[in-house]
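Spelled out, the chains give:
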Amino acid sequence: MKNSLVKEHIIQTASKLFYEKGYNLTGVNEIIKVAGIAKATLYSHFKSKEDLCIAFLKYKNTSFLEDIKAHTKMAKIGKVQILALFDFLKDFFNTNDFNGCWCINTISEIPHNNINIKAEIKAQKLIFLKFIETLITDNTKGLDNSKIESLAKQIYVLYEGSVAESHLHSAIWPIEFAQKTCEKLLN
């Protein structure tokens, strides 16, 4: 198997395990066993479990951004396209493997001083916030930059909060309430 394929296989295996079981409860030996590789193979691609965690975060975020962008683009132009963020989240919630936000789950498991993983998560969240700003810019008229930025942060907090609360309660109502609140913000 080509080196790039092996690396991708390791990332996919670790991603599945980290998301299902958590970062701390997933050991390197379990990743090696499930991936069907040698320990030397894992360490030839990743210096540490932390490096593998960062690859997992990037892998999940890339897929998430592609999917949410495609989902929102399918919605009617205007406020409906912004509200489609929450429709996407409802669909995600209704999948069999929904386990909340991989970033929030991971940040809650790492020590406060783990700057590398924390920096990756912050970078991903800022990219998502910028995406929301773009959605607002493309789908509203007459808002200046400060209003767009403020509205984007409000929607971001609604989205992120509804991910966490829907996971906690194992219920869709936090997403539905966040979407209704977002709709009020857009009027």
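Residues numbered from 1 in each chain as written. Predicted model: local features only at pLDDT ≥ 70, side-chain atom pairs only at ≥ 80, totals over all residues. Heavy atoms only, no water.

### Focus on empty space enclosed by the protein
Right, on to step 1. Counted by the stated rule, this structure contains 1 cavity of 30 Å³ or more.
Right, on to step 2. The space that makes up the largest cavity amounts to roughly 120 Å³.
Right, on to step 3. Around the largest cavity, the lining is made up of 14 residues, and of these Phe64, Cys101, Trp102, Lys125 and Glu160 lie nearest the centre.
Right, on to step 4. Mapped by element, the contributors of at least two residues to the lining of the largest cavity are helix 4 (49–74), helix 5 (79–93), helix 6 (102–107), helix 7 (115–139) and helix 8 (145–169).
Right, on to step 5. A per-class count over the lining of the largest cavity returns 9 nonpolar, 3 polar and 2 charged. (1 Å grid on protein atoms, 1.4 Å probe; cavity = no way out; pocket = protein on both sides within 12 Å on 5 of 7 lines; lining within 4 Å. Points joined across faces, edges and corners; volume = space filled by probe spheres on them. Helix = DSSP H or I, 4+ residues; strand = E, 2+ residues; numbered from the N terminus. Nonpolar A, V, L, I, M, F, W, Y, C, P; charged D, E, K, R; others polar.)

### Quick look at the pattern of salt bridges
Right, on to step 1. Enumeration according to the criterion identifies 6 salt bridges in this entry.
Right, on to step 2. Between Glu160 and Lys125 there is a salt bridge, with its nearest N and O atoms 2.7 Å apart. Of this pair, Glu160 sits in helix 8 while Lys125 sits in helix 7; the two residues are 35 residues apart in sequence, bridging distant segments of the chain. Like Lys125, Glu160 is buried. (Salt bridge = Lys/Arg side-chain N within 4 Å of Asp/Glu carboxyl O. Buried < 20%, exposed > 50% of the residue type's maximum accessible area, 1.4 Å probe, protein only.)

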